[in-house]
Amino acid sequence: DAALLEGMPVQEKTEVAVVDEPTVSPTPSTPTPTGGVRRNQGPNIAEVLKRRQFTMIEANEKIILQKIIPTGEATLQSYALLKDGDRAGMIAWTNSSKVKQYYLVLKEALHSAFTADVQDLLDETQRREGRPTRNLLTFFDPGLLSERVVFVRVREQLYEFHIPEGSSDIIFDLIEELTK
């Protein structure tokens, strides 16, 4: 499993190019199950980012999910996020009926790849009234990446966030909105 993450450099200088906003439509919804939350309903990610005044740019960053999701099996979208012209983080996501499987493979690979320097490791399932269950895995491991990393699985979406120092509040607020 650790071999999946082999070669992940600490953090290279990022090359960026401004891109047009992607067309990301919400996942089709299904009727709400009795006492539950619609399984496939998710937000329009591009609209949420625009409303929160993020600028999305293409970035040449190492994305851990690229090592986990088999090529051709699911589409992975990723963008660096700018707020007021400064880098506020990175978001990557996929929509797939297999996100639970990807999440389990990811956890196994990461747990065996963590270095002795891993800090603030949190791995939990969060059940919240009137909201879908979400799985959250977050850590800071300078041996893997120079920023805090957060993975969130909710409905049929799996997200990866990289959070530079000073951007935790705005990125965790974004995570809250994306996982309503």
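Each chain carries its own residue numbering, running from 1 in the written order of its sequence. Two thresholds apply to this predicted model, a pLDDT of at least 70 for residue-level local features and 80 or more for giving and counting side-chain atom pairs, whereas whole-chain, interface and lining totals are computed over all residues. Calculated side-chain values reflect all of the structure's heavy atoms, with hydrogen atoms and water omitted.

A. Broad picture of the overall build of the chain. Secondary structure elements follow DSSP: runs of H or I of four or more residues count as helices, runs of E of two or more count as strands, with numbering from the N terminus. The secondary structure content of the chain amounts to 5 helices and 8 strands. Along the chain direction, N to C, the helices and strands of the chain fall in the order α-β-α-β-α-β-β-α-β-β-β-β-α. Here the chain, with 180 residues, has 44% of them falling under the buried criterion. Long-range pairs, those at least 24 residues apart, make up 59% of the contacts in the chain with a sequence separation of at least 6. The accessible surface values rely on the Shrake-Rupley method and a 1.4 Å probe; as for residues, cover is taken only from the protein chains in view. If you sum the accessible surface of the chain, you get close to 9,500 Å²; carbon and sulfur atoms cover 45% of it. Summary of the burial criterion: residues with accessible area below 20% of their type's maximum are buried, those above 50% are exposed, and those between are partly exposed, where the area comes from a 1.4 Å probe applied to protein chains only. Pairs of residues are marked as contacts when any of their non-hydrogen atoms sit within 4.5 Å.

B. Local environment of the packing of aromatic side chains. Pairing of aromatic side chains here covers Phe, Tyr and the six-membered ring of Trp, requires ring centres within 6.5 Å, and sorts the geometry by plane angle: under 30 degrees stacked, over 60 edge-to-face, intermediate tilted. In the structure shown here, the tally under the stated rule is 4 aromatic pairs. Aromatic side chains Phe114 and Phe139 sit 4.8 Å apart centroid to centroid with 70° between the ring planes, which places their arrangement in the edge-to-face category. Linking Phe114 in the loop between α4 (99-113) and β5 (119-126) with Phe139 in strand β6 (residues 134-140), this pair joins segments that are 25 residues apart in sequence. Note on accessibility: Phe114 and Phe139 belong to one class, buried. Within the aromatic cluster, the residues linked to one another by ring pairs are Phe114, Phe139 and Phe151. Throughout this description, the term charge over a ring refers to an Arg CZ or Lys NZ atom that lies within 6 Å of the ring centre and within 35 degrees of the ring normal. Seen from the ring of Phe54, Lys83 lies directly overhead, with NZ or CZ sitting 4.8 Å from the centre.

C. Region of interest: empty space enclosed by the protein. Definitions used for this entry: grid spacing 1 Å over protein atoms alone; cavity, a set of points where a 1.4 Å probe fits but cannot get out; pocket, an open set with protein on both sides within 12 Å along at least 5 of 7 lines; lining residue, one with an atom within 4 Å of a point. Grid points are joined across faces, edges and corners, and a volume is the space filled by probe spheres set on the points. Inspection of every chain in the model, using the stated rule, returns 1 cavity of 30 Å³ or more. Lining the largest cavity, in full, are Ala59, Glu61, Ile63, Ser78, Tyr79, Ala80 and Met90. Among the elements that make up the lining of the largest cavity, the one with the highest residue count is strand β3 (residues 77-83) (3 residues). Ten residues, namely Ala, Val, Leu, Ile, Met, Phe, Trp, Tyr, Cys and Pro, are considered nonpolar, four, namely Asp, Glu, Lys and Arg, are considered charged, and the remaining ones, Gly among them, are considered polar. Taken together, the residues of the lining of the largest cavity break down into 5 nonpolar, 1 polar and 1 charged.

D. Molecular detail of the confidence of the model for the chain. Overall, the predicted model of the chain reaches an average pLDDT of 83, with 77% of residues at or above 70. This stretch, residues 9-38, has a pLDDT under 50; its non-local contacts, to residues over four places away or in other chains, come to 62 contacts. Per residue, pLDDT captures the predictor's confidence, and it can take any value from 0 to 100.

E. Molecular detail of unusual backbone geometry. Its identity is not glycine, yet Asp84 carries a phi of approximately 55°, on the positive side. Inspection of the secondary structure assignment puts Asp84 in the loop between β3 and β4 (86-95). By relative accessible area, Asp84 is classed as exposed at 74%. Positive phi outside glycine occurs at Arg155, with the angle close to 50°. With respect to the secondary-structure elements, Arg155 resides in the loop between β7 (148-154) and β8 (157-163). In this structure Arg155 comes out as buried when scored by relative accessible area, which is 10%.

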